[in-house]
Amino acid sequence: MRHPRRPPATRHEATRYPGPAWNAQPWPALAQPSLRTKWGRLFLRRRRLIAALFLCAAAAVAVQQLTPASPPTTTVVVASRDLPAGHVLATGDFRTLALNPAMIPDGTLDPSSTALTNGQLSGPVRRGEVLTDASLLGTGLLTGAPPGSQAVPLRLSDLSTLPLLRQGQLVTVVLSVTKELDGVATNHVLAEGVPVLWTPALGPENSGLLPDGSNTDAVVVVAASPEQSMQLAGAISRGKVFLILLN
């Protein structure tokens, strides 16, 4: 059985039933999260990375606390290469180096010293060795010798001994005296166990210890006590002077 068809709504009936309420008004705006909430979410997402950064910072602080402070240093002059005995210093033969004051010997040369440009070495110097007043010929020749020691020049009778001598070599000085032309020579020990301070190999042109023009080919300088110096002075005029090299 067919139902009767409903007649179309009139204009007044259409205005009597408006649409749903949500279709007439917009949705309310959502509340924005606070800054504290944002940081909290970021911390939760990056918690492993943040923990690793804190661990690294703690390790750095611990290493800094355990590392000893750098000790104070003093600038000294050292040889920049191996230098032979008698070498006249020039620019390039030395350099400056910062060392612990407890490791610096006495008498170190000042970097601005004029002796570094024209000083003459009294002995061989190794690369990196600190240069002191004892490294140069001059007033430092007796540095370290017993109190009262004197530098005594000796003219030798046997020139073949000279190439065997080195600075610091201990020698015994012997005077050989012949009373007659064909007589038997008598040997006298003038000084025993004295160190050699200077040889012609250290300054073939002029040592600075003897006047210019002096014949230094057979002259050596030894350190002796005041009593030994009196025996050694002018020994060549009393006979022949020889050296015995000691071990």
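A few points on the structure.

Conventions adopted
Sequence positions are assigned chain by chain, starting from 1 and proceeding in written order. Residue-level local features of this predicted model are given only where pLDDT is at least 70; pairs of side-chain atoms are given and counted only at 80 or more, and the full residue set underlies all totals for whole chains, interfaces and linings. For the side-chain quantities, the full set of heavy atoms in the structure was used; hydrogens and water were omitted. For the purposes of this entry, the term helix denotes a DSSP run of H or I that reaches at least four residues, the term strand denotes a run of E that reaches at least two, and both are numbered from the N terminus. For each residue, the accessible area found with a 1.4 Å probe, counting protein chains only, is set against the maximum for its type, and the residue is called buried under 20%, exposed over 50%, and partly exposed in between. Contacts between residues were defined by any pair of non-hydrogen atoms, one from each residue, lying within 4.5 Å. For every accessible area listed, the method is Shrake-Rupley and the probe measures 1.4 Å; residues are considered covered only by the protein chains on display. The pairing criterion is simple: DSSP has to find at least two bridges between the two strands. For helices, the axis comes from a line fit to the C-alpha atoms of the stretch in contact; other axes are also lines fit to C-alpha atoms, and the angle between any two N-to-C directions lies between 0 and 180 degrees. Throughout, nonpolar core names a set of buried Ala, Val, Leu, Ile, Met, Phe, Trp, Tyr and Cys residues whose side chains join them through atoms within 4.5 Å. By the criterion applied in these results, polar contacts are pairs of N or O atoms within 3.5 Å in which, for protein atoms, one can donate a hydrogen and the other can accept it, and in which residues neighboring in sequence qualify only through two side-chain atoms. Salt bridges, as used here, are contacts in which a Lys or Arg side-chain nitrogen is within 4 Å of a carboxyl oxygen on Asp or Glu. Here the term patch refers to residues with relative accessible area over 30% and no salt bridge, with like charges joined within 9 Å and nonpolar side chains (Val, Leu, Ile, Met, Phe, Trp, Tyr) within 5 Å.

1. Structural notes on the overall build of the protein
Part 1 of the argument: Across its full length, the protein carries five helices and seven strands.
Part 2 of the argument: Ordered by position from the N terminus, the helices and strands of the protein form the series α-α-α-β-β-α-β-β-β-β-α-β.
Part 3 of the argument: Taking all 247 residues of the protein together, the buried fraction comes to 26%.
Part 4 of the argument: In the protein, the proportion of contacts linking residues at least 24 apart, taken out of those at least 6 apart, comes to 66%.
Part 5 of the argument: A total accessible area of about 17900 Å² is found for the protein, and carbon and sulfur atoms account for 58% of it.

2. Some words on the sheet that holds strand 3 (residues 150–155)
Part 1 of the argument: In spatial order, the strands read 3-6-5-4-7; together these five strands make up an open sheet with antiparallel pairing. Looking at strand neighbours, the two that pair on one side only are strand 3 and strand 7 (240–245), the edges of this open sheet. Strand after strand, the sheet turns through a mean of 45° between neighbouring axes, direction not considered.
Part 2 of the argument: As paired strands, strand 3 and strand 6 (residues 219–224) are joined by six bridges and run antiparallel to one another. In the sheet register, Val-152 faces strand 6, and the bridge partner there is Val-222.

3. Some words on the environment of Asp-133
Part 1 of the argument: With respect to the helices and strands, the residue Asp-133 is situated in the loop between helix 4 (115–118) and strand 3.
Part 2 of the argument: Given the relative accessible area of 31%, Asp-133 is considered partly exposed.
Part 3 of the argument: Distance in space between the C-alpha atoms of Asp-133 and Asp-110 is 9.9 Å, their sequence separation being 23 residues.

4. Points about the nonpolar core
Part 1 of the argument: Membership of the largest hydrophobic core comes to 19 residues, with the highest contact counts inside it found for Leu-165, Val-173, Val-222, Leu-232 and Leu-243.
Part 2 of the argument: Secondary-structure elements contributing two or more residues to this core are strand 3, strand 4 (170–178), strand 5 (185–198), strand 6 and strand 7.
Part 3 of the argument: Looking at which element gives the most residues to this core, the answer is strand 5, with four residues.
Part 4 of the argument: Not counting the four nearest positions on each side in its chain, Val-173 is found in contact with Leu-154, His-188, Val-189, Leu-190, Ala-191, Val-194, Leu-232, Val-241, Phe-242 and Leu-243.
Part 5 of the argument: In terms of nonpolar packing, the next biggest core, distinct from the first, is built from 10 residues, Ala-79, Leu-83, Leu-121 and Val-125 among them.

5. Side note on the side chain of Ser-149
Part 1 of the argument: Mapped onto the secondary structure, Ser-149 falls in the loop between helix 4 and strand 3.
Part 2 of the argument: Only 2.7 Å separates the side chain of Ser-149 from the backbone oxygen of Pro-146, close enough to count as a polar contact.

6. Focus on the pattern of salt bridges
Part 1 of the argument: Applying the stated criterion across every chain, the model contains two salt bridges.
Part 2 of the argument: The residue Asp-93 makes a salt bridge to Arg-81 at a minimum N-O spacing of 2.9 Å. Taken together, the residues Asp-93 in the loop between strand 1 (74–79) and strand 2 (94–99) and Arg-81 in the loop between strand 1 and strand 2 connect sequence positions 12 residues apart.
Part 3 of the argument: On the basis of relative accessibility, which here comes to 5%, the residue Asp-93 falls in the buried class.
Part 4 of the argument: Asp-82 serves as the salt-bridge partner of Arg-126, at 3.1 Å between the closest nitrogen and oxygen. Residue Arg-126 is located in the loop between helix 4 and strand 3, and its partner Asp-82 is located in the loop between strand 1 and strand 2; the two are separated by 44 residues in the primary sequence.
Part 5 of the argument: Under the relative-accessibility criterion, Arg-126 is labelled exposed at 60%.

7. Some words on a nonpolar patch on the surface
Part 1 of the argument: Taken together, Leu-35, Trp-39 and Leu-42 make up a surface patch of nonpolar side chains, about 350 Å² in accessible area.
Part 2 of the argument: For Trp-39, the position within the fold is in helix 2 (residues 35–45).
Part 3 of the argument: Here Trp-39 falls in the exposed class, since its relative accessible area comes to 56%.

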